[in-house]
Amino acid sequence: MSPKYKEIPTINVCLFTDKPVRKTPYQVKGILMKQFPNEEIVPMLDGTYREKFLYPRVQVKILNEQIYFIGMGEGVEPIKDLLKNLKSLDFGNITFEISDTEIEESSNRFHPSSKHVKYRFVTPWVALNQATGKKYRYLKNKDRVNYLNKLLGQNIVFISRELGIELEENIFTKINLSTLLPKTLEENNWAAFDGEFETNFILPNYIGIGNGITRGYGTLQGLFNFDEKDLKLVEVESNNKQFDKKPSSLSDFQEIDVTKVPNTNKINKRKKSKLKRSKKILN
């Protein structure tokens, strides 16, 4: 990893329970907040830090009927503190006893790569909201591919900036989707895709990208083996059939100029400043 980019601590936790977990991330977060109201993880889950952290520092996932906690930056220590007291999750009608945990910690999972690495979306990537979906609808297929590549690259730049990483290298993206016809989701008129992508940026396993991250959408899995010295571009096998959908809509690599990606933090600060001024005038 280049020393010019700061190290971001990350943690990835899988909970092994006595029975399959057929709950949503929202339900799991609700039980955590109820059982552990005084833990530092609660404001990371209940929206208290929504304005401070535009990208959630703690993410809860249900994958292959198992619970995962993914933390980065400020979210790492609250997860580690929670694990000290987490023995079970009581949903009232069912209780999950936690028999073991699998924990992976790192400090080098957010940085540009000299090689292109491949990821798979293990939950649908919600690339389109109401505004972008309307624009996408009137594009030709080739333009649709370029548009999605651009959105994906912007997502990566956004996450990097949120974690204090100002990129100097441009981002390259290459999507490989099962179809260019998105699934329509009821939430907020969102539209989602299944498939894979390649990029020149290292991301932690199971973080979310795109819209609906707190609902578990856009969860990705790296299809390569990673060690401290080298990237081994070997596809990772999965036992979960939902991960094995074969993509069919390919694209070429597209370059995203990081200097031209709008800085969301600056935009939000301006909006907050205008809101404060308007409140003063009204008062």
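Residues numbered from 1 in each chain as written. Predicted model: local features only at pLDDT ≥ 70, side-chain atom pairs only at ≥ 80, totals over all residues. Heavy atoms only, no water.

1. Some thoughts on helix α4 (residues 130-137)
Consideration 1: Buried within α4 we find Thr132, Gly133 and Tyr136. Projection of α4 onto a plane perpendicular to its axis shows the buried side chains occupying an angular sector of 105 degrees, all on one side. Along α4, exposed side chains directed more than 90 degrees from the buried face belong to Gln130, Ala131, Lys134, Lys135 and Arg137.
Consideration 2: On its buried face, α4 sits against β7 (125-128), α5 (141-162) and β10 (191-193).
Consideration 3: In this structure Asn129 caps α4, since a side-chain oxygen of it lies 3.1 Å from the backbone nitrogen of Ala131. (Buried < 20%, exposed > 50% of the residue type's maximum accessible area, 1.4 Å probe, protein only. Helix = DSSP H or I, 4+ residues; strand = E, 2+ residues; numbered from the N terminus. Arc of directions from axis to C-beta. Contact = heavy atoms within 4.5 Å. Polar contact = N/O pair within 3.5 Å; in protein donor to acceptor, adjacent residues only side chain to side chain.)

2. Considering the layout of surface pockets
Consideration 1: In this structure, the largest pocket occupies an estimated 1,100 Å³ of space.
Consideration 2: As for the largest pocket, its lining consists of 41 residues, of which Leu54, Phe158, Gly210, Asn211 and Ile213 are closest to the centre.
Consideration 3: Ranked by residue count, the leading element in the lining of the largest pocket is α5, at 6 residues.
Consideration 4: Here the lining of the largest pocket is composed, by residue class, of 23 nonpolar, 13 polar and 5 charged. (1 Å grid on protein atoms, 1.4 Å probe; cavity = no way out; pocket = protein on both sides within 12 Å on 5 of 7 lines; lining within 4 Å. Points joined across faces, edges and corners; volume = space filled by probe spheres on them. Nonpolar A, V, L, I, M, F, W, Y, C, P; charged D, E, K, R; others polar.)

3. Description of the environment of Val76
Consideration 1: Turning to its location among the elements, Val76 is positioned in helix α3 (residues 76-85).
Consideration 2: Using a relative accessible area of 4% as the deciding quantity, one classes Val76 as buried.

4. A few points about the pattern of salt bridges
Consideration 1: Taken as a whole and assessed by the stated rule, the structure comprises 11 salt bridges.
Consideration 2: The partner of Glu104 in a salt bridge is Arg109, and the shortest N-O contact between them spans 3.2 Å.
Consideration 3: With relative accessibility at 40%, the residue Glu104 sits in the partly exposed group.
Consideration 4: Given a relative accessible area of 13%, Arg109 falls into the buried group.
Consideration 5: For Asp194, the salt bridge goes to Lys183, with nearest N and O atoms at 2.8 Å. (Salt bridge = Lys/Arg side-chain N within 4 Å of Asp/Glu carboxyl O.)

5. Here we look at the confidence of the model for the protein chain
Consideration 1: On average, the protein chain scores 87 in pLDDT, and the residues at 70 or more come to 83%.
Consideration 2: Below pLDDT 50 for its whole length, residues 234-244 participates in 19 contacts with residues either more than four positions away or in separate chains.
Consideration 3: Note that pLDDT drops below 50 for residues 270-283; the model gives that stretch 1 contact with residues more than four away or on any other chain. (pLDDT = per-residue confidence, 0-100.)

6. Re the sheet that holds strand β9 (residues 183-184)
Consideration 1: Overall, antiparallel pairing links the 3 strands, which are arranged β7-β10-β9 in an open sheet. Each end of this open sheet is capped by a strand with a single partner; those strands are β7 and β9.
Consideration 2: Sheet topology places β7 next to β10; 3 bridges connect them, and they run antiparallel. Of the residues in β10, the one forming a bridge with Leu128 is Ala191.
Consideration 3: Along the sheet, α5 makes contact with β7 and β10, crossing β7 at roughly 110 degrees. (Pairing = 2+ DSSP bridges. Axes fitted to C-alpha atoms, helices over the stretch in contact; angles between N-to-C directions.)

7. So, the packing of aromatic side chains
Consideration 1: Scanning the model with the defined rule gives 11 aromatic pairs in all.
Consideration 2: With a centroid separation of 5.6 Å and 80 degrees between ring planes, the pair formed by Tyr49 and Phe53 is classed as edge-to-face.
Consideration 3: Look at Phe53 and you get buried, because its relative accessible area is 9%.
Consideration 4: Aromatic side chains Phe121 and Trp125 sit 5.3 Å apart centroid to centroid with 5 degrees between the ring planes, which places their arrangement in the stacked category.
Consideration 5: A relative accessible area of 4% places Phe121 in the buried class.
Consideration 6: Three or more aromatic residues joined by ring pairs form one cluster here, namely Tyr119, Phe121, Trp125, Tyr136, Phe193, Phe197 and Phe224.
Consideration 7: Positioned over the ring face of Tyr49 is Lys52, at 5.5 Å from the centre of the ring. (Phe/Tyr/Trp six-rings, centres within 6.5 Å; stacked < 30°, edge-to-face > 60°. Lys NZ or Arg CZ within 6 Å of the ring centre and 35° of its normal.)

8. What about the packing of α4 against α5?
Consideration 1: Running from N to C, α4 and α5 cross one another at 155 degrees; their axes reach a closest spacing of 10 Å. Classified by the interaxial angle, the pair formed by α4 and α5 is roughly antiparallel. Packed against α4, whose contacting residues are Thr132, Lys135, Tyr136 and Arg137, the element α5 presents Arg144, Tyr147 and Leu148 at the interface.
Consideration 2: Here the contact of α4 with α5 is built from residues that sort into 3 nonpolar, 1 polar and 3 charged. (Parallel < 35°, antiparallel > 145°, perpendicular 65-115°, else oblique.)

9. Structural notes on the nonpolar core
The tendency in soluble globular proteins is for nonpolar side chains to be buried as a group.
Consideration 1: With 47 residues, the main nonpolar core has Phe110, Leu128 and Leu148 as its most contacted residues.
Consideration 2: Those elements that place two or more of their residues in this core are β3 (66-72), β6 (111-121), β7, α5, β8 (171-177), β10 and β11 (195-202).
Consideration 3: With 8 residues, α5 is the single largest residue contributor to this core.
Consideration 4: If we skip the residues at most four places from it in the chain, Leu128 touches Gly133, Tyr136, Tyr147, Leu148, Leu151, Pro182, Asn189, Trp190, Ala191, Phe193 and Asn211.
Consideration 5: Counting residues in hydrophobic clusters, the runner-up holds 26 residues, among them Ile11, Val28, Phe53 and Leu86. (Core = buried A, V, L, I, M, F, W, Y, C linked by side-chain atoms within 4.5 Å.)

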